[in-house]
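Listed below, chain by chain, are the residues.
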Amino acid sequence: MTVTASASQARPPIQRWLVIWVLALAAVLVVFLLHDKLPWAVNYPVEAVVPVADWVSALMGWIKSNLSWLTRSITAVLGVPLDFALNLLAKNFKFGHGADASVLPRLSWVGVCAAAFLAGYATGGRKLGMLVGGCFLYIALFGQWTSAMLTLALISIAVPFCIVTGLFLGIWAWRKPWAERFIVSPALDLMQTIPTFAYLIPMLLLFGNSPVSAMIATAIFATPPMVRATMLGLSRVPSEIDDFSEMAGCTARQKLWRVLLPSARPTLMVGVNQVIMLALNMVIIASMIGAGGLGYDVLLALRALKVGEAMEAGLAIVALAIALDRLSQAIAHKQATGNVHRSASPRFWRRYPSLTLAIAILVVTTLLGLFVPAFAAVPKAITFTTAPLWKAAVNWVTINFFDIIEAFRVALILNVLNPVRAFCEGFPWLGAVFLLGLAGYQLSGLRLAALVAALTAFCAITGLWEKTMATVYLCGISAFIACLVGIPIGLAAARSDRFEKIVTPIIDTLQVLPSFCFIIPVVMLFRVGDVTAMIATVAFAVVPAIRYTNHGIRQVPPALIEAAKVSGCTPRQTFFRVQLPLALPEIMLGVNQTILMALAMIIICAMVGTRDLGQEVFIALSKADSGRGIVAGLAIAFIGIVADRLFNAWTAKARARLG
């Protein structure tokens, strides 16, 4: 009786919301059908567009005119360590001028490869040492050494800056809940959803076309994971440790630096790993404003349609990414397990034998480079290139499979992409604002409804509605296909340990690859356009759908599975009626992350001819139009924030319903 009564009480709200949604959709349909009589409700009136872009341009112009002394000072200060790193790894130190100038060579490539091996060996054993050292050796043998070292030099300066800044911001936000709620979290949301290209525009305007601009853009983009990791790590420190430190008489400063932060070190190291990977990704993109390095090589090769050169530079990026990722993960794992053995000897070389040996090898090989040119620069005789092979392979595929590829591309455009694009671009802006606001109200109340409606309306009132819907169409269809592929793979991995062992290395590799590397092979086969963007985006965004689905199924409590078996459920019934419903919130988090990653990749795909907000940012970057680029970047960020807030609210509601 109780169950029946509670069920009957639960029905009216569901039925009421069903009626509300039917009426809302009917109202939007009426507005669409009456677009001749209500044109302002379908297409935002041009005369009512708010000139936010002009205001931003004026503000940036004022900053450039009146605060140029500040930007020059920042450039001069940051240029010192950056120039040192660039000279140390990629260029040479020059002292004096003209014929009397003396040159101190950069670090020897032999020494750097050996130091990379020793770093891997010290943190993860011989296997990791071989992997990390092999990655650096691969970069050298394929003739990408100087470009890779330019990229590594920028990362080596940007990453410590990100870590220190993120640590202090995270501590401040953890200590001041009001700051975390009203300042830090909204700022982090914007920083992580504004597209990478949009960071480049103000940096280019304020700091010029230089490596310093690229480094500042990289630092801003890569800091948020460290802030979040610091807040999460400090909040997870057991209360017993906090109480014990107070009983021991620690001051607030001693408690923070000697107790809480060391206890949160495993989580902090995960943040460091994420900072390194985001910095690498951003440095590649920042090649457009003077960073140089591997990203610039890829960009030049793509513009000239030199497939082989683009692929070689892309593979060098992959090698550098794998080396840095595996090395930082090994350090994080070693810190988490507490497996750090150091000698108690006061002598430095006894406490840090691997570091001492690496320094010694670097010094000896660099000095040898003064007398033996083979140590100073990679001899051309031992380098080789596979660019002709890649070009030949692409030509062979194009000649033999052109008809099939072209038929697939045209069918996809005519039957899927064009109809969905036409539907999205014709959708009434007022209807979208209303429906998304209604969804926010149903999921979390008036505050979320107002936020979602305001952010959606921003895209219309700034005159970017058509471009916004073009972005939504391509991002939506890419995320849908990524989920359609990724969720079944995640379900299969959750049900089979053997399959999981096959899938895990693949998705780990996909997660390490910088976004540029997804575009290169697809452009080779499908040329530029929406199909290329969609395929590259699906490959880039599929990882969270697989990972979260697998994790969600596996984290269902074993006691519940045993209870289902005792109740007589078959394995199929247990999976579909117990595991899958309980894992649904986790799976939806994966869908949320898939959408955000698809959105980030879609913007980068503006390089291959998409016509959306990413193109707006790309054009603004080429024209140094700060207002146009920043407003388009904000519109992209707001799409991501709307999706994130709605999915998080739905997930929270589902978790609460499932207890």
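As shown above, the structure is provided for reference.
Here is a short report on the structure shown in this document.

Criteria and cut-off values
- The residue numbers shown here count from 1 along each chain, following its written sequence.
- Only residues with pLDDT of 70 or above have their local features reported here, since the model is predicted, and side-chain atom pairs are shown and tallied only from 80 upward, although totals for entire chains, interfaces and linings are computed over all residues.
- Calculation of side-chain values draws on the structure's entire complement of heavy atoms; hydrogens and water are dropped beforehand.
- Helix and strand definitions follow DSSP, with helices as H or I runs of at least four residues and strands as E runs of at least two, each counted in order from the N terminus.
- Working definition: with a 1.4 Å probe on protein chains only, accessible area under 20% of the residue-type maximum means buried, over 50% means exposed, and in between means partly exposed.
- Two residues form a contact once any of their heavy atoms are found within 4.5 Å.
- For the accessible areas, the method is Shrake-Rupley and the probe is 1.4 Å, while residue cover comes only from the protein chains on display.
- Residues scored as charged are limited to Lys and Arg (positive) and Asp and Glu (negative), so that His and the chain ends carry no count.
- By convention, the point assigned to a charge is CZ for Arg, NZ for Lys, CD for Glu and CG for Asp.
- Every axis in this analysis is a line fitted to C-alpha atoms, fitted for helices over the stretch in contact. Angles between the N-to-C directions lie between 0 and 180 degrees.
- Working definition: roughly parallel below 35 degrees, roughly antiparallel above 145 degrees, roughly perpendicular at 65 to 115 degrees, and oblique for all remaining angles.
- Under this grouping Gly is polar, as are all residues other than the nonpolar Ala, Val, Leu, Ile, Met, Phe, Trp, Tyr, Cys and Pro and the charged Asp, Glu, Lys and Arg.
- The term polar contact refers here to a pair of N or O atoms within 3.5 Å; inside protein, the definition further demands a hydrogen-donor-capable atom paired with an acceptor-capable atom, and it admits residues adjacent in sequence only when both atoms are side-chain atoms.
- What makes a salt bridge here is a side-chain nitrogen of Lys or Arg within 4 Å of a carboxyl oxygen of Asp or Glu, nothing more.
- Residues with no salt bridge and a relative accessible area higher than 30% make up the patches, which join like charges within 9 Å and nonpolar side chains (Val, Leu, Ile, Met, Phe, Trp, Tyr) within 5 Å.
- Only Phe, Tyr and Trp rings are paired, with Trp represented by its six-membered ring, and only when their centres lie within 6.5 Å; those with planes under 30 degrees apart are stacked, over 60 edge-to-face, the remainder tilted.
- Whether a charge sits over a ring depends on NZ of Lys or CZ of Arg being within 6 Å of the ring centre and within 35 degrees of the ring normal.
- By nonpolar core we mean a set of buried residues, namely Ala, Val, Leu, Ile, Met, Phe, Trp, Tyr and Cys, connected to one another through side-chain atoms within 4.5 Å.

A tally of regular secondary structure across the protein chain gives 29 helices and two strands. Summarising its shape, the C-alpha atoms of the protein chain cover approximately 85 × 60 × 60 Å along the three principal directions. Across the 659 residues in the protein chain, those meeting the buried criterion constitute 46%. Long-range contacts, defined here as pairs at least 24 residues apart, represent 79% of the contacts in the protein chain between residues at least 6 apart. As presented, the protein chain carries roughly 32,900 Å² of accessible surface, and 68% of it is formed by carbon and sulfur atoms. Distance from the positive charge centre (49 side chains) to the negative charge centre (29 side chains) of the protein chain: 7 Å.

Put simply, helix 10 (residues 224-235) and helix 13 (residues 265-285) touch, their axes get as near as 8 Å, and they point 170° apart. Between helix 10 and helix 13, the angle falls in the class roughly antiparallel. On helix 13, the residues that touch P225, M226, A229, T230, L232 and G233 of helix 10 are T267, L268, G271, V272, Q274, V275 and L278. Its residues placed into classes, the contact of helix 10 with helix 13 shows eight nonpolar, five polar and no charged.

Turning next to the environment of T366. Inspection of the secondary structure assignment puts T366 in helix 17 (residues 353-368). Owing to a relative accessible area of 11%, T366 belongs among the buried residues under this scheme. Each C-alpha atom of the pair T366 and S73 lies 33 Å from the other, and the pair is 293 residues apart in sequence. A distance of 3.2 Å separates the side chain of T366 from the backbone nitrogen of S108, its partner in a polar contact.

Side chains that differ in sign of charge can pair as their charged atoms come close. Per the stated rule, a full pass over the model turns up eight salt bridges. Note that E425 is salt-bridged to R421, the shortest N-O span being 2.9 Å. Of this pair, E425 and R421 both sit in helix 19 (residues 387-425), four residues apart, roughly one helical turn. Looking at E425, the relative accessible area reads 23%, which means it is partly exposed. Given a relative accessible area of 11%, R421 falls into the buried group. R645 is paired through a salt bridge with D644; the nearest N and O atoms lie 2.9 Å apart. Among the residues examined, D644 registers a relative accessible area of 13% and is labelled buried.

Another point: the side chain of T574. Structurally, T574 is set in helix 27 (residues 571-604). Looking at T574, the relative accessible area reads 4%, which means it is buried. With residues up to four places along the chain from it excluded, the contact list for T574 reads I561, A564, C569 and Q579.

On to a nonpolar patch on the surface. A contiguous nonpolar surface patch, about 800 Å² in accessible area, is contributed by L355, I359, V363, V364, L367, L368, L370, F371 and V372. For L370, the position within the fold is in the loop between helix 17 and helix 18 (373-376). The exposure class assigned to L370 is partly exposed, which follows from its relative accessible area of 45%.

Looking now at the packing of aromatic side chains. If you walk through the whole model with that rule in mind, you get 13 aromatic pairs. Between W172 and W178, the aromatic rings sit 6.0 Å apart at their centres with planes inclined by 85°, giving edge-to-face as the arrangement. R495 extends its terminal NZ or CZ atom over the ring of F575, reaching a point 4.4 Å from the ring centre.

Next up on the list: the nonpolar core. F136, W145, M149 and L200 are the most contacted members of the largest nonpolar core, which has 179 residues in total. With 15 residues, helix 15 (residues 307-337) is the largest single contributor of residues to this core. If near-sequence neighbours (up to four positions away) are discounted, M149 is found in contact with L89, A90, V112 and F136. Counting residues in each nonpolar core, the second largest holds eight residues, with A494, I553, V556 and F575 among its members.

Residue placement: D530 occurs in helix 25 (residues 530-554). Not counting the four nearest positions on each side in its chain, D530 is found in contact with L417, R421, Y473, L474 and T610.

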